[in-house]
Amino acid sequence: MRDLFFLAFLAVFFLMGLRRPFLLVAVYAYIDIVSPQRLSYFLLNSIPISAIAFAAMVGAWLVIDDKKDCRFSARQALLLILLIWCGYTTATADFPVEALTKWNWVWKAIIAGIFLPLTLRTRLRIEAMTVFMILCASTIIINGGLKTALSGGGYGVLNLMVDNNSGLYEGSIISCVAISLIPLILWLSKHGTIFPPDDWRVKGFCYCLCLACLLMPIGTEARTGLVCIVILAGLMLVRSPRRFVYGPLMLLAALVSIPFLPASFTQRMQTIENHQGDESASTRVAVWMWTLDYVKTHPGGGGFDNYLQNSFTYFAQSEVGDGDAKRVERRLVTDKGRAYHSAYFEMLGEQGYFGFLLWALIHGICFIRTEMIRRMYAKRAGPDEAWVAPFALALQQGHIIYMIGSLFVGIAYQPFIFMMLALQIGLDTYLSRRRKAAARLDLNAAMNRTRGALA
């Protein structure tokens, strides 16, 4: 029954996309974020729906959609170079079979990041893409938030609709993504036009969704999520005119909530202070050190999943005994084939110095451009421009949270972040077109006044 529902839902969406091509972009976002094929028992598992959605999205744009306002930006060119470089490192990978498996979904994610800004040529489309990203992710977040509120969750215990612990269904990844979405959710509750922001139902849903986002790190017991919450609080306080009032209140709320948190959550969060006391954290540091040594001899990287060749030993420590007899015991541990658990080291190890610098340059330019947009439109209060600065700030804050969270999770190629980059590029090109159009109108008006004066 579930399979039939998903199949009917997607079929209706695809048919609607024949009339409104942008809906096929929304279908692609839904499939890449929610991955309904993982929720299906049989039908969707046997159909390459992601490839079909991608082909339909690009094909509809080429054949039907209006392309007069489309622009190709420098960041899209950098993404194209990154795609080519990833293809090269895949062809020369240390593990060709494993690298090809990862390449089969990474190239689509990067291509989508290049292509999507071409479709985001109006405010409505930019907002619609934002809404779909939030609603698609909320299908996982609401499920996890409710289960956390009812059962408390647990590390590796919270079931997010599927048993496949990958993509956004992995605890640390969904915790990072959930917190990074909160600024965009709050923006929609104030400046959205698709759903009226003055409707109490819209605001109520947005605030409840924010609460569900905050519950995700608790339910998954992901330390990355806690770090992201701290960063979110800091970013919001920096921009708040009443930071000295809200800051102590937020700290008080955090202290008051501690007794209500699961004991397993507080115990796991305490391992942040000492990475040697937790095997997962200890292996991450060891893998990072191995990666630095690897790129010294392989500056071009080793291709996707080249971490499979790592091998290292490290000291782990833990407390044993009770009461006065409690002592710290150090033991030597040997491990191999450990994943990077960091987007930065993932890029460095797999794509080498060039790929890493290219990736960092793309994210750095996006951050700088959103800050320039925010400052440029900060004091513009007109009905057509008042939404711009808050939206740029929300994108910037979400981007920062994601990038800091990715310090501890290997999410460099997640489709979600390429969609967020596409939103930033699309916003930039849309505003640039508007400014150029306004400048042309002003120039024409000035020329008409000059002709009138001369006549």
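Taking an unreviewed UniProt entry as the reference, the protein is identified by name as Putative O-glycosylation ligase, exosortase A system-associated belonging to Sphingobium terrigena. Here the protein is described in UniProt, under the heading Subcellular location (unreviewed entry), as follows: "Membrane".

1. Side note on the nonpolar core
Within the largest apolar cluster, 108 residues are counted, with the highest numbers of intra-cluster contacts made by Met129, Ile141, Leu181 and Leu427. Counting residues in hydrophobic clusters, the runner-up holds eleven residues, among them Trp288, Trp290, Phe312 and Phe345.

2. Overview of the side chain of Ser35
Looking at the secondary structure, you find Ser35 in the loop between helix 2 (22–34) and helix 3 (36–39). On the basis of relative accessibility, which here comes to 8%, the residue Ser35 falls in the buried class. In contact with Ser35, not counting residues within four places along its chain, are Tyr30 and Tyr169.

3. Section: helix 14 (residues 343–377)
For helix 14, spanning 35 residues, the distance from its first C-alpha to its last is only 32 Å, which falls clearly below the expected 51 Å at 1.5 Å a residue. At Gly352, helix 14 shows its maximal kink, close to 130°.

4. Topic: empty space enclosed by the protein
By the definition in use, this model includes one cavity of 30 Å³ or more. Approximately 30 Å³ is the volume attributed to the largest cavity. Elements with a contribution of two residues or more to the lining of the largest cavity: helix 2 and helix 4 (49–63). Grouping the constituent residues of the lining of the largest cavity by class yields five nonpolar, one polar and two charged.

5. Quick notes on helix 8 (residues 171–191)
An α-helical turn contains 3.6 residues, so any two residues separated by three or four positions project in the same direction. With 21 residues, helix 8 extends 30 Å from end C-alpha to end C-alpha; this agrees with the ideal 30 Å at 1.5 Å per step. In helix 8, a bend of some 35° at Ile182 exceeds every other bend along the element, and Pro183, a proline, comes one to four places later. Burial of helix 8 is extensive: 18 of the 21 residues sit out of reach of the surface. For helix 8, the side-chain oxygen to backbone nitrogen distance between the N-cap and Ser172 is 3.0 Å, and the N-cap itself is Glu170.

Each value, and the rule that gives it
- Residues numbered from 1 in each chain as written.
- Predicted model: local features only at pLDDT ≥ 70, side-chain atom pairs only at ≥ 80, totals over all residues.
- Heavy atoms only, no water.
- UniProt positions renumbered as here; feature names shortened; annotations may be inferred.
- Core = buried A, V, L, I, M, F, W, Y, C linked by side-chain atoms within 4.5 Å.
- Buried < 20%, exposed > 50% of the residue type's maximum accessible area, 1.4 Å probe, protein only.
- Helix = DSSP H or I, 4+ residues; strand = E, 2+ residues; numbered from the N terminus.
- Contact = heavy atoms within 4.5 Å.
- Expected span 1.5 Å × (residues − 1).
- Bend = angle between axes of the 7 residues up to and from the residue.
- 1 Å grid on protein atoms, 1.4 Å probe; cavity = no way out; pocket = protein on both sides within 12 Å on 5 of 7 lines; lining within 4 Å.
- Points joined across faces, edges and corners; volume = space filled by probe spheres on them.
- Nonpolar A, V, L, I, M, F, W, Y, C, P; charged D, E, K, R; others polar.
- Polar contact = N/O pair within 3.5 Å; in protein donor to acceptor, adjacent residues only side chain to side chain.

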